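# Notes for the structure review
Chain by chain, the residues run as shown.
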Amino acid sequence: MRMYDLIEKKKLGHDLNEEEIHYIIDGFTNETIPDYQMSALLMAIYFQGMSDKETLALTMAMAKSGDMLDLSDIKGIKVDKHSTGGVGDKTSLILAPMVAALGIPVAKMSGRGLGHTGGTIDKLDSFKGLSTKLTKEQFIENVNTIKMAIAGQTANLAPADKKIYALRDVTATVDNISLIASSIMSKKIASGSDGIVLDVKTGSGAFMKEEEDAFKLALEMVNIGNGLGRETIAVVSDMNQPLGKSIGNSLEVIEAIQTLKGEGPKDLLDICLQLGSYMVVIAGKAKTPEEAVILLLETIENKSAYNKFKQFIEAQGGDSSYVDEIDKLPKASIVEKVTLSETGYIKAIDTEELGFATMMLGGGRETKDSQIDLAVGYIVEKKIGDYVAEGEAIALIHGNDRDKIEASKKRFISAFKLSPEPIISTKFIKGIVTKNGINRF
Ligand code: URA
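Fair warning: this is a prediction, and the values are worked out from it, not measured in the lab. (Residues numbered from 1 in each chain as written. Predicted model: local features only at pLDDT ≥ 70, side-chain atom pairs only at ≥ 80, totals over all residues. Heavy atoms only, no water.)

## Re the overall build of the protein chain
For the protein chain, the count of helices and strands is 17 helices and 14 strands. A globule of 441 residues ought to have a C-alpha radius of gyration of about 22 Å, and the protein chain, at 22 Å, matches this closely. When its C-alpha atoms are laid out on the principal axes, the protein chain stretches across 65 × 50 × 40 Å. Counting over 441 residues, the protein chain shows a buried share of 55%. (Helix = DSSP H or I, 4+ residues; strand = E, 2+ residues; numbered from the N terminus. Rg over C-alpha atoms; globule rule 2.2 N^0.38 Å. Buried < 20%, exposed > 50% of the residue type's maximum accessible area, 1.4 Å probe, protein only.)

If you want it as structure tokens, here you go:
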């Protein structure tokens, strides 16, 4: 087999078979296929697309390019959750303890922030002493004893995806649905859970700006997961504004703790209940999502989810007194109001810009080696449909550097678009995708 012929084949719009896809992925992982040939193939895929069969083969080949985690030592049905990335998305910190409090094993592999989006592993760095670098044995032991563990992805989990992703990033081939679906699903398949609940975000702060594309991506991932014997469900949710009110690592941890105490924002609790209800159903603890929501709400009311979160922080070496005493979490030295020069109803928010504004404060990485400032970020006080009166704050900025604050604030403010007329807000949960197809709300 020759890579040249396979590039030619895809260029002309023919499907690659399983053997050819394995040849490409193995060759690229062990560096017998150079970057320039892989780049040419990615561009051919970008223009010609891939069939469902090809996408499934690509997912499996990338999953098998490194370690395939065997979680069979964990008792019970293990369900994972994955978000395609958003701004202010602290869902995992709330959902994992809620589900684990019901006795369902949550074996969660999470990532660090990517571009304008945040990552669970960075947020957890807010707890002194906490480690997300667990050995496989520790990971399994923690899930067996306390029902939850959150670990960073090991270097050898789907290494082919890591290399291909880096190439896509610099060859303008990221935004292809088959490539995104196989990239995400290869990591989920390699990390070994029995069931997968996906939170596919759509809107200005998401990877998929158009709702139609988000549904297509969701359907493709659901088909891959179910095709490989992992029960997979996707929820398509709105990312045209930040989730909850806080953006920034420590601020998001605080909001997650407030939500676990029953004092969080409604949109954040709603998405946790939606995603959680499918995790509970897949795990066999409830017959219907409605029944599961009741069980999940009980974990907030009886404080079992809050206590589970503390237990998890402790089990991974963190200081759980930070949960009761949130003042111990990283705090910025400067907190001030953000105001607009106009008045009116908030019509639109360029949410990706809010992510970049947080990054400019130091809350995200400009380069892969940047040090994150965990304390900085925003508390967004006004969202779509809200009226902003003269001089009224739309947000509070938390920063540690005057120059960064000024530059970030400018970018944050320019993301808000106002209207003199009241705005009718759109649906937050757009629909559900299961192996039976798409159900739009
Ligand atoms: N996240 C991933 O892991 N891969 C993609 O291609 C896009 C988002």
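## Digging into helix α1 (residues 3-11)
Looking only at α1, the buried set comprises Met 3, Leu 6, Ile 7 and Lys 10. Projected down its long axis, α1 shows its buried positions confined to an angular sector of 100 degrees, all on one face. Contacts made by the buried residues of α1 are with α2 (18-29), α3 (35-48) and α4 (52-63). Just past α1, the residue Gly 13 takes up positive phi, approximately 90 degrees. (Arc of directions from axis to C-beta. Contact = heavy atoms within 4.5 Å.)

## Comments concerning the site of the ligand
Every residue close to the ligand is listed here: Tyr 165, Arg 168, Ile 180, Ser 183, Ile 184, Lys 187 and Phe 207. A distance of 3.0 Å separates an oxygen atom of the ligand from a polar side-chain atom of Arg 168. Here an oxygen atom of the ligand and a side-chain polar atom of Lys 187 are 2.5 Å apart. Out of a free accessible area of 240 Å², the ligand has 91% covered by protein chains. Elements represented by at least two residues in the shell around the ligand include exactly α8 (159-170) and α9 (177-190). The leading source of residues in the shell around the ligand is α9, at 4 residues. Residues belonging to the shell around the ligand are distributed by class as follows: 4 nonpolar, 1 polar and 2 charged. (Near = heavy atom within 4 Å. Polar contact = N/O pair within 3.5 Å; in protein donor to acceptor, adjacent residues only side chain to side chain. Areas by Shrake-Rupley, 256 points an atom, 1.4 Å probe, with all protein chains shown as cover. Nonpolar A, V, L, I, M, F, W, Y, C, P; charged D, E, K, R; others polar.)

## Remarks on unusual backbone geometry
Although it is not a glycine, Glu 31 adopts a positive phi angle of roughly 65 degrees. Assignment of secondary structure puts Glu 31 in the loop between α2 and α3. The backbone phi angle of Ala 158 is positive, close to 45 degrees, even though this residue is not glycine. Along the polypeptide, Ala 158 turns up in the loop between β3 (148-152) and α8.

## Section: the domain arrangement of the protein chain
By domain assignment, the protein chain separates into domain 1 (3-63), domain 2 (79-325 + 430-440) and domain 3 (331-419). Look at where the C-alpha atoms of domain 1 and domain 2 centre, and you get two points 29 Å apart. In this assembly, 20 residues from domain 1 lie in contact with 25 residues from domain 2. In total, about 2,000 Å² of surface goes out of reach between domain 1 and domain 2, with carbon and sulfur atoms giving 75% of it. Interface area lost by domain 1 to domain 2 is led by Leu 42, Tyr 46 and Met 62, which between them contribute 31%. In this structure, the connection of domain 1 to domain 2 is made through 1 salt bridge. Residues Glu 31 and Lys 163 are paired through a salt bridge, measuring 3.5 Å at the closest nitrogen-oxygen approach. At the boundary of domain 1 and domain 2, one finds 2 residue pairs in polar contact (both at pLDDT 80 or more). Elements that contribute at least two residues to the side of domain 1 that touches domain 2 include exactly α2, α3 and α4. For the side of domain 1 that touches domain 2, the residue count by class is 13 nonpolar, 4 polar and 3 charged. (Domains from an automatic or database assignment. Buried area = accessible area lost by both parts, 1.4 Å probe. Salt bridge = Lys/Arg side-chain N within 4 Å of Asp/Glu carboxyl O.)

## Here's the deal with helix α11 (residues 249-260)
Counted at 1.5 Å a residue, the expected span for α11 with its 12 residues is 16 Å, and the 17 Å between its end C-alpha atoms agrees. Turning to α11, its buried residues are Asn 249, Ser 250, Leu 251, Glu 252, Val 253, Ile 254, Glu 255, Ala 256, Ile 257, Thr 259 and Leu 260. (Expected span 1.5 Å × (residues − 1).)

## Quick word on the environment of Lys 310
Examined against the element boundaries, Lys 310 turns out to sit in helix α14 (residues 304-315). Residues Lys 310 and Ala 166, spaced 144 residues apart in sequence, show a C-alpha to C-alpha distance of 36 Å. In this view, Lys 310 contacts Ser 320, Val 323 and Asp 324; residues no more than four positions away in its chain are not counted. Within the structure, the side chain of Lys 310 is placed 2.6 Å from the side chain of Asp 324, a separation counted as a polar contact.

## A short note on the packing of aromatic side chains
Going through the model one piece at a time under the given rule, you end up with 7 aromatic pairs. Judged by centre distance (6.2 Å) and plane angle (40 degrees), the ring pair of Phe 127 and Tyr 322 falls under tilted. Linking Phe 127 in the loop between α6 (120-124) and α7 (136-146) with Tyr 322 in helix α15 (residues 321-324), this pair joins segments that are 195 residues apart in sequence. Each member of the pair Phe 127 and Tyr 322 is classed as buried. Relative to Phe 412, the ring of Tyr 378 lies with its centre 3.9 Å away and its plane at 10 degrees, an arrangement referred to as stacked. Residue Tyr 378 is located in strand β9 (residues 377-380), and its partner Phe 412 is located in helix α17 (residues 402-414); the two are separated by 34 residues in the primary sequence. (Phe/Tyr/Trp six-rings, centres within 6.5 Å; stacked < 30°, edge-to-face > 60°.)

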